Every structure is written in structure tokens, then in C-alpha cells.
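Analysis of the macromolecular model
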There are 2 protein chains.
Amino acid sequence: MKFKAEVDVMPLEALLDPQGKAVTSAMGNLGLGGIQNVRIGKHMTLWVEADNEQSAHQMVEEACQKLLCNAIMEQYRFAIEKV
Amino acid sequence: MKFKAEVDVMPLEALLDPQGKAVTSAMGNLGLGGIQNVRIGKHMTLWVEADNEQSAHQMVEEACQKLLCNAIMEQYRFAIEKV
């Protein structure tokens, strides 16, 4: 079965996000002062071939921990759907 | 009212994504061959102060078009929720 996983990897809440801060201040210059805070991370779409949703879930979890997310600075979350 | 927008900016389907290709082949080396394709983009969380959801939507739309997304190479999608 084929699954699609949508993974978000974001900087930890406790850490500064200089890229996000720069974009936040650029929003003011664009006349979009209503946008008061921005945090920037990565979004990844994974296509997974697995026997069932549980095994796809395990595979994506392992990929996040081993490769996609640096747990010292980032946190991840993901959602899986059958395609 | 305060809103939170979750924005995904991804490379256009028609374009190569070399970063995603590199990660895909690394998956094989990690024993995660079930992960057959990866595409990598950006995820942004925006906190928006606006009078209503429609005006928050317009603001985020404008931010995407003017700053967050390069329409030549990328596409965006977002979801807004009240916080």
C-alpha cells in the first residue's frame, strides 16, 4: 500500500529563530503589520510503500529521528494518509 | 482577534528537487527503502492579529505572494485557525 506523509520540522519553541525574526520585521515594511510573529522550518512530503499504516508510521518516525530532524534544535510532527 | 496560519511552500511538481532526491537516496542507505520519494520545502507558522478570519486570510495571502513564495519555482498552501 502507498502512503503519503506530511512532515513539519520546526525550530524548538525555546530557541531563537533569526530567519523568522527577519521575515517578521519585513512584514512591517510591506504594510502587513498584522503579522506579528513568524517561525520558519521545513516541510517534507514522503511517499512510503508499506504493508499497513502502522508500519508506514514506524518508517517515517525512524526517518525523522535518524535523518530529517536534529532533536537538539528542532521538533517534528507528521500526518500519514493512504493514497 | 488572533489567528495562527500554517503555511507550506513547496517546489513546483514540474521542477526537480535535488535536496529531496539526495534525502531519498539516503533513505535507502538507512534501511528505509520503503520511503520512495521525498520532496522538501518550507513550513512557516504566522501569528496574525486581524479583525476577522477573512482579513487574516487576505493578509497571509498577500504575505505569501509578496515575500514567502517565489511563484516561479514554488507553490504555497495555508490553513488558518483562531487561537
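Structural data are supplied above this passage.
Now for a look at the structure at hand. Source: prediction; values computed, not measured. (Residues numbered from 1 in each chain as written. Chains lettered and ligands numbered in written order. Predicted model: local features only at pLDDT ≥ 70, side-chain atom pairs only at ≥ 80, totals over all residues. Heavy atoms only, no water.)

1. Comments concerning the interface of chain A and chain B
The partner chain B presents 32 residues to the 32 residues of chain A that form the contact. For the pair chain A and chain B, the summed buried surface comes to about 2,800 Å²; carbon and sulfur atoms form 67% of the total. The largest share of the area that chain A buries against chain B comes from Leu32, His43 and Trp47 of chain A, three residues that together contribute 20% of it. Linking chain A with chain B are 2 salt bridges. Here glutamate 6 of chain A ties to arginine 77 of chain B by a salt bridge, and the two come within 3.3 Å at their closest N and O atoms. For the interface between chain A and chain B, the tally reads 18 residue pairs in polar contact (both at pLDDT 80 or more). Sorting the residues of the side of chain A that touches chain B by element identifies β1 (2-11), α1 (18-29), β2 (35-49) and α2 (53-68) of chain A as the ones contributing at least two each. Examining the composition of the side of chain A that touches chain B, we find that 15 residues originate from one element, β2 of chain A, more than from any other. Of the residues belonging to the side of chain A that touches chain B, the class tally is 17 nonpolar, 6 polar and 9 charged. (Contact = heavy atoms within 4.5 Å. Buried area = accessible area lost by both parts, 1.4 Å probe. Salt bridge = Lys/Arg side-chain N within 4 Å of Asp/Glu carboxyl O. Polar contact = N/O pair within 3.5 Å; in protein donor to acceptor, adjacent residues only side chain to side chain. Helix = DSSP H or I, 4+ residues; strand = E, 2+ residues; numbered from the N terminus. Nonpolar A, V, L, I, M, F, W, Y, C, P; charged D, E, K, R; others polar.)

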